[in-house]
Amino acid sequence: MNGSVFEFWSSRRQRAEQLRKGGQLRLDASQRSQLLGNHEVREALQNERMTSLLPPVGTEVFRRLTPASQHDGRDKEKEKKKEEGDKTSPKPAHPLQARKLLPFIYGDPPPEFLCTPLEDLDPFYQSQKTFMVISKGNIIHRFNAERACYLLSPFSPVRTVAIKILLHPVVFLNIHTLFSLCLMLTILINCVFMMIRVPGLSRYMEDVFMAVYTFDIILKILSRGFCVGNFTFLWDPWNWLDVLIITGFAAQFTSSKFLELMTTIPRVMKLFTCRTGLRRTVEALVQSVMRLADVIILIVVVLSILAMIGLQFFMGQLNHKCVIWPPINTSTYEIPSYHGNETGSFDFSAYINNSENCYYLPHHLDALLCGNRSDSGVCPEGMTCLRTSTNPNYGFTNYDSFGFSFLTMFRLLMQDFWDNLIHLTLRAAGKSYFTVFMLIFLPGGFFLLSITMAAVAMARVEQEEADAAEAKKTEEEFSRIVEVLKRREEEEASRRAELPEEPDKKNPPVQRCIDTLLRKDCCGCWRWLRQQLCPFVESPFFDLGIAVCIIINAIFMAMEHYPMSHDTDYLLTRANVIFIAIFTTELLIRLVALGLRSYFQVSRNIFDFVVVVAGLLELLLTEVEGLSLLRALRLLRLLRLERWWAELHLLMKTIWTSVGNLSLVLLFMVFVFSVAGMQLFKNDYESCVCKISTDCELPRWHMWGFFHSFLLIVRILCGEWIETLWDCMEVSSQSTCVIFFMMVIVIGNLLILNLFLSLLLGSFSSSQLAEEKGTNNLQIVITQTNTWILEHVRTLLGKKNNVDLDHKAAEGKNSGRKEYLALTLATSDQQGFDRDNLGEEGEDIVPCQAPAAEANIKFKTPEGKKEKDQQMSKLQDDEDPTRNTPEDCCCDSCYRCCAIQGVDTSRGAGRVWSKLRRVCLLIVQHRVFEGFIVFIILLSSAALMFEDVHPQQGLVLQVILDKFDHVFTYVFLVEMLLKWIAFGFKKYFSSFWNWLDFLILDVSLISLTANILGSSTRSLRALRTLRAPSRFKGIRVVLRSLMLSLPSLCRTLLVTAFIWLLFGILGVNLFAGKFYYCFNETSAEYFAPEEVTNMTDCLELQLHNFTEVRWKNGHFNFDNVGMSFLSLFIVSLSAGWHDILYPSVDSTEIENQPEYESNLYTYLYFILFVIVGGFFTWNIFIRAFVNALHHQIIGEKHVFMTVEQLKHSRAVAKKFFKKPDEAPPRPQSRCQAWLFDRVTSLPSEVFMVAVICVYMVVLMVETDGQSREKFEVLMWFQTVAIFIFLTEFILKIIALRQHYFSSGLNIIDFAVLVGLIIGTFTSDLFQKYLFNPGVLAVLRLARVIHILRYIRCTRRIRMLILGFVTSYPALLNIGLLLFLVVYTYSYIGMCAFAHVKRGAMIDDMFNFETFGNSIIVMMMVSPSSLWDGLLLPMMDTPPDCDPDVPGSPLTGNCGSPTVGIIFFTSYILLYILLVVHLFIAIIVESFNSRNLEDATPLSEEHLQMFYNTWSKFDPDGSQVIQYRQLSDFCDALQEPLKITKPNSIRLILMDLPLLPGDQVRCLDVLCAVTRQGSDESGDTNALKARLEGKFNINIISKVSCEPISSTLRRKQEEVAAAVIQRAFRKHLQVRRASCILDQSVGEA
């Protein structure tokens, strides 16, 4: 895995091409015969992986399995074991694995060998007790060669027949065996009976299905064997499903729903075994889940920590409710007793826990929460806030125990109904605790979501890279094989080319006539007509006319609305007839011009034909009722724009590509969970429905039937699950419901995310599709029209026209790039930041000191160069700060028009003017002035917080704010005047940011003038915040990236709007006028359809003086296309889709009273919209965004960071998992040294981490209302833990002395220890006003990160954490911009909606009446929140609101629907855009961090130090030194590369290559000392490649000899030589002694 995410993104087309080619590699018959039978070819290819698997030359490739061959295999196995002994056995060949296609080198086996036992082709299995069978499609199957069930040998007729039945060939839907096809049809029929229970028949069919499954098991056991050996029945995990099916068959004899579930799920999952692609997809998904195991553990750990924090902060807070205070006894004036242990006394506990005594808001099932803090919820008059024993939402929303707190944190992580959770918590605990959510919970959830997405994306990328690498390797090997074979075929090429030609067979006369008709050559008149029409049809203006007709047709379709007059209806009907006539005429013209055969060979023409036929059918069947579907088929006409619209074509191709194995797996998963939910909870919903419904009727979301169960699963996958989980937990087992829902959420989201990534990483994009299609006729017409317009405009202006058409066409293609350049000129840091980021002359070349000519190191990282700080701090329009000479004030044309402006600056007034400009230039360029302006900008923005819509409540404050407004305006005016004088008008107005400041100042001056005249323009003060981006470089970087991405995003949004237009028109046709209802405003209830049938009945009630009765329409409806857009926007980007979905499901006919779920299958319309209008459009939106970033990243390092931030990020990345450069010095005292070794050892760290984790567990087991005994036990545990922490501190302070506080972790430990000790003695005070001090110990978990580097299995976790940490600067930049947007919109919302009548989500705590409330509300607005509840009160018009409230200084409590819609839709779009930036930044950094951990720790300074030291030992620049000098050289280096003396043994163990003359090379020594200094282990070549890749080391060595030995080998040779010499000397001594002895004996 190398490279960044953008490199992977840019190479996706090449990978797809490699995978496509990998499946199409084929050898022809002659090439295969040479490969199998030619000795020379085999010798030339003997080193190839594939050809090594072929049998020897002259041996048949495919050989039947015989008893003799089986015995030969066993003999070979014995001989092989004798020869190899204990050597490592070979591994199975990857290309010959079971269920894979037969490699191309083998060709197609003879037909008689299909489904027949053959000898195994894999050399590994040739010595095993296996054989292989090749089925239709050249798919490899492998079987065990032992006797099946100890009875049937491989040659048994029964086993042979079983194999043939199991693998009988058939090709249908990628299913290659007839038995698999029959089994798949059986499973599908079984699935139908799972959905529909037919009494009597279902029981009979169940026996039939079980018989088929049993027959399948018997066949597999007979053909494979049962369990002994490889490739038997139980050897394959997929066959375990059959075991579960047989085991679950006992469910029909029991009443256990779990046993019934055991037989349902495996049956559906058996579908995956019937289709090879599905099976591989599921296996790949399982492998990806295994890769994510450590990430899942990290998620659980972090969620547990967040749950523990929530437990300590909010335990027991959500059971405070508004209770009616019990009545006082008026005769004695005594307050009732709190206890009921006395006879006749009042039971206060039972009174407050009685739900009837609590206060309920209208249409709310839970009592109103409250708190006893000043900023918490307040009860109405007559109510008291008391603590009860129940919690909201059936008691499942609370922090009272770790389990419920964990569920709450998971809910917050998944962003489901999370705004309601915050609403309840803040109402009970106080608004100040919103900081806990903003600083801990929400960032923690974002961290988990981002690393999860990054982990899934990286797993997907790893899989694709592995597949692409395998395909590339196969393709390269195929190319080498073909190259060798072609050289051998050149001699026989002429003979192979001469093939006998078969005589043409004459077709029958009827067939010739049909062919002639299809080829449009019937007669001369026909050919003449075709010749006349062909140029007309192929003309670009013909396509332009059709496209214009389609657009006009779309406009007429969008004109439909309710109520619609008769004339408008007549006009639209006639227009439809005209368009049908136009498109029919077009069809006929194209048919005549192209002919039937040519016309229907194009898929688009077939689609056009279907659309025209549907239009004609609609026209013929207009009067027939019940055929409204044909009316909806009109929308297909608009999809014809795909022919000329690249982005729309991309969307349609994405939808078509999605129909694959992964989509089928997702669909089957939804079906499985739907059936499982129905079987598990159907009876529970039916028997316990009164617990969740006041009228004891099933709610809208339940699992009693299959369709409702299916809808509930779809809702869970859309992110809405917590409310249905509460219902399930209330009617059924809580543990069962939680496990079921968690499985649906985890598995479903994993599949959806994988499907999204597979489509996102597809090999096509809009630009590539446009290139493949070429320039269409519509583009030609547009280009010609633009050229014609330009020519005539230049002619009218009196200019000579010399326009080059080709040049203009090229300009048109590069128009988007011109926009980018223009925008770059309008942003900041043009000369500083852009040059650094775009890689222009930005890399330093650091020469080696010695030798300077031969050693040239070019660093690829920007850390070695000296940055110019002034280039990064100046504005875009600033010049070089070293220049103090102002430029001309105006442009040259101004000086030519007004010569008086030319003033001599060398004398008189001109000289004074020049000095004044120089002084002003020095002032505006000074850092103090810039800092003062930044301070004023921040101060003016902060002043907005004190604004209020009730000026009468703070008149003094309002006067102060008005005075400050004057001061701010005058300061900015002075700044602008100074810059005008210093820079001149020409330079000042050449900057976008100066233009923005100028316009904001103009608005401020106009606002001051309007205030003097008595008009209120307070809302214009929100423009102050727009000055901030020009002064903060990080925000400017994000804005630059955003603006550069804007053109492509706008094109994608246009396609999204088009798709939504289709669904909007369809919604108007389906639901226009059907959202009206008759409503009783007094009781706030709907009338039943039996009481009021339609609008006429409702109006009759009004005529009978029932003033509380109204015929109302829903705020969000489908009465026109505009409202349809708003409704669809809320459905896709808000959690409040219920107000739109439920009325559509209850709708009947126009002007009829809605009936409960009378139109149930309307759900499918919204499901289709969520899939097409949400999922697929979101996919192309992300694709366009990433593609735009990819174009920006060319030549840059990062698109979201400044250069300084990038340097800081890379520095953090280097130090994240590396050991500290300077460890605390070891004490000289023996006792302190012994203690130092103990407290700094790894076991000590692990022990303290274990103690911290145990302490966290102690905090987690706390519950609200726990017993006294439990409290005392937990307190003892906490005391022991604090004692251990204190002991560790004392020991460390003794051992480390003053160096203890040099570590950040030690400082955190000390602060936590002090907090714990103080909190122990003041626990009551802490818990009452703050929180449990024990939660401070969470900070000590930072030690876990310290020991992660010692655990190998946590590599992916370290990589993801590193990616998140290194992306922090980018997150800070984007977060600041997001906060600026929230801040600005909060003030605008306060000014525009503070007076809106309270209702829906706007109440006494969450509103726009103050800036604090407004910013809390805006921070909670997101696509997953109920922001439509904030929009609903703004949609009210009289009589639902009062436009003139008596006694109020505001203009009533009615809002503006138009302003509200624009406000929230624009905010949501900006929010989505910035949040996408956040996730993309983390994913980009996660990809970049894949190799950071393995990268070398050396910096440029270390490398330069190495070469400076090398130059002292190699003054001649030969790049080699003598081996005897190496010890002195390594001792002369500095840390961390230094190897102090004595170092001879360490140098020997480096195993450095030795050149002739006992010399060592420079790069070899650098790699060796790098490995020693960083404690790295691994391949030296890999480290050398990393060094060369990072520093671009190009060393021209004067010594080109190859190494003759190494240091370790030399030492071994010296030791061996010494041993030989000693042995030889001893041999000589023995021989000399024997000679002397022989001589003495001879003499004797």
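Each residue is numbered by its place in its chain's sequence as written, counting from 1. In view of the model being predicted, local features appear only for residues whose pLDDT reaches at least 70, and side-chain atom pairs are presented and counted only at 80 or more, with totals across whole chains, interfaces and linings using the full set of residues. No hydrogens and no water enter the side-chain calculation; it runs on all heavy atoms of the structure.

**Student:** Tell me about the sheet that holds strand β11 (residues 1109-1113), and name the residues and values.
**Tutor:** Only strands that DSSP links by at least two bridges are regarded as paired with each other. Starting at the N terminus, helices and strands are each numbered in turn, a helix being any DSSP run of H or I of at least four residues and a strand any DSSP run of E of at least two. Taken together, three strands build an open sheet; the order of strands is β10-β9-β11 and the sheet is antiparallel. Across the chains shown, the open sheet's two edge strands, defined by having one partner strand only, are β10 (1085-1086) and β11. Bridge count between strand β9 (residues 1076-1080) and β10: two bridges; the pairing is antiparallel. Looking at β10, one finds that Phe1079 is bridged to Tyr1086. When checking whether two residues touch, look at their non-hydrogen atoms; a contact exists if any pair is within 4.5 Å. Between N-to-C directions, angles span 0 to 180 degrees; the directions come from axes that are lines fitted to C-alpha atoms, helices contributing only their stretch in contact. Strands in contact with helix α44 (residues 1095-1103) are β9 and β11; relative to β11, the strand with the most contacts, it is inclined by about 145°.

**Student:** Describe the side chain of Asn319, with residues and values.
**Tutor:** Inspection of the secondary structure puts Asn319 in the loop between α14 (293-314) and β5 (320-324). Relative accessibility thresholds used throughout: buried, under 20% of the residue-type maximum; exposed, over 50%; partly exposed, between the two (1.4 Å probe, protein chains only). Accessibility expressed as a relative area gives 3% for Asn319, which makes it buried. When near neighbours in sequence (up to four residues on either side) are disregarded, Asn319 contacts Leu386, Arg387, Thr388, Thr390, Asn391, Asp400 and Asp1264.

**Student:** I'd love a proper account of the pattern of salt bridges, names of residues and values included.
**Tutor:** Here a salt bridge means any side-chain nitrogen of Lys or Arg lying within 4 Å of a carboxyl oxygen belonging to Asp or Glu. Taken as a whole and assessed by the stated rule, the structure comprises 43 salt bridges. Between Arg643 and Asp608 there is a salt bridge, with its nearest N and O atoms 2.6 Å apart. Of this pair, Arg643 sits in the loop between α26 (635-638) and α27 (646-657) while Asp608 sits in helix α24 (residues 603-620), and the two are 35 residues apart along the sequence. One salt-bridge network, in which partners are shared between bridges, spans Asp543, Glu586, Arg590, Asp608, Arg640 and Arg643.

**Student:** Hey, could you go over the state of the cysteines for me, with residue numbers and the actual values?
**Tutor:** When the sulfur atoms of two cysteines come within 2.5 Å, that pair is taken as a disulfide. All told, the structure shown has six disulfides when counted by the stated rule. Two residues share a disulfide in this structure: Cys690 and Cys696, whose sulfurs sit 2.1 Å from each other. Taking the torsion about the S-S bond as the criterion, the Cys690 to Cys696 disulfide, at about 125°, is right-handed. Classification of Cys690 by relative accessible area gives partly exposed; the value is 48%. Across the disulfide from Cys1078 sits Cys1098; the S-S distance is 2.2 Å. One disulfide, between Cys1078 and Cys1098, carries an S-S torsion of 80° and so falls in the right-handed class. Separated by 20 residues along the polypeptide, Cys1078 in strand β9 and Cys1098 in helix α44 bring together distant segments of the chain. Under the relative-accessibility criterion, Cys1078 is labelled buried at 0%. With cysteine numbering restricted to those in disulfides and following the sequence, the protein has the pairing 1-3, 2-4, 5-6, 7-8, 9-10, 11-12.

**Student:** Please set out empty space enclosed by the protein residue by residue, giving values where relevant.
**Tutor:** Of the grid points, spaced at 1 Å and generated over the protein atoms alone, those admitting a 1.4 Å probe that cannot get out make up cavities, while open sets with protein on both sides within 12 Å along at least five of seven lines make up pockets; any residue with an atom within 4 Å of a point is treated as lining. Grid points are joined across faces, edges and corners, and a volume is the space filled by probe spheres set on the points. Under the counting rule described, the total for this entry stands at eleven cavities of 30 Å³ or more. Quantified by volume, the largest cavity comes out at close to 550 Å³. Taken together, 30 residues form the lining of the largest cavity, with Arg99, His141, Ser180, Thr273 and Arg279 sitting closest to its centre. Ranked by residues supplied to the lining of the largest cavity, first place goes to strand β2 (residues 139-144) with four residues. Any residue outside Ala, Val, Leu, Ile, Met, Phe, Trp, Tyr, Cys, Pro, Asp, Glu, Lys and Arg is labelled polar, Gly included; the first ten of those are nonpolar and the last four are charged. Its residues placed into classes, the lining of the largest cavity shows 13 nonpolar, nine polar and eight charged.

**Student:** Explain the packing of aromatic side chains to me, using residue names and the numbers behind them.
**Tutor:** A pair of aromatic rings is counted whenever rings of Phe, Tyr or Trp (Trp by its six-membered ring) have centres within 6.5 Å, and the orientation is called stacked for planes under 30 degrees apart, edge-to-face for over 60 and tilted otherwise. This structure, assessed with the given rule, holds 86 aromatic pairs. Lysine NZ or arginine CZ positioned within 6 Å of the ring centre and within 35 degrees of the ring normal marks a charge as sitting over the ring. The ring centre of Phe143 lies 4.4 Å from the NZ or CZ of Arg224, which sits over that ring.

**Student:** Quick rundown of the pairing of strand β1 (residues 130-135)? Include the residues and the values.
**Tutor:** The element β1 is largely enclosed, with a buried count of six among its six residues. Two strands pair when backbone bridges link them, and β1 and β2 are joined in this way by six bridges, in the antiparallel orientation. Looking at β2, one finds that Met132 is bridged to Arg142. Hairpin connection between β1 and β2: a loop of three residues separates the two successive antiparallel strands, and Gly137 in this loop has a positive phi of roughly 90°.

**Student:** Tell me about helix α43 (residues 1033-1071), and name the residues and values.
**Tutor:** In the structure, α43 departs most strongly from a straight axis at Leu1046, where the bend amounts to approximately 50° and where the proline Pro1047 lies between one and four residues downstream. Counting buried residues in α43 gives 29 out of 39 residues, a clear majority hidden from the surface. We define the bend at each residue as the angle formed by axes fitted to the 7 residues ending at it and the 7 residues starting at it.

**Student:** Any chance you could break down the pairing of β11 for me, citing the residues and the numbers?
**Tutor:** Burial of β11 is extensive: four of the five residues sit out of reach of the surface. Both β9 and β11 contribute to a ladder of five bridges, which runs antiparallel. Its bridge partner being in β11, Tyr1077 is matched across the sheet by Lys1112.

**Student:** I'd love a proper account of helix α46 (residues 1138-1146), names of residues and values included.
**Tutor:** Think of an α-helix as turning once every 3.6 residues; residues three or four places apart then point the same way. Counting buried residues along α46, seven of its nine residues qualify, which places the element largely inside the surrounding structure. Within the span of α46, buried status applies to His1138, Ile1140, Leu1141, Tyr1142, Ser1144, Val1145 and Asp1146. Where α46 is buried, its residues meet α29 (706-717), α30 (722-731), α43, α45 (1121-1133) and α47 (1163-1192).

**Student:** I'd love a proper account of the environment of Glu1091, names of residues and values included.
**Tutor:** Among the secondary structure elements, Glu1091 is positioned in the loop between β10 and α44. Residue classification places Glu1091 among the exposed residues on the basis of a relative accessible area of 56%. On a C-alpha basis, the gap between Glu1091 and Gln1153 in space is 9.5 Å, while along the polypeptide they are 62 residues apart.

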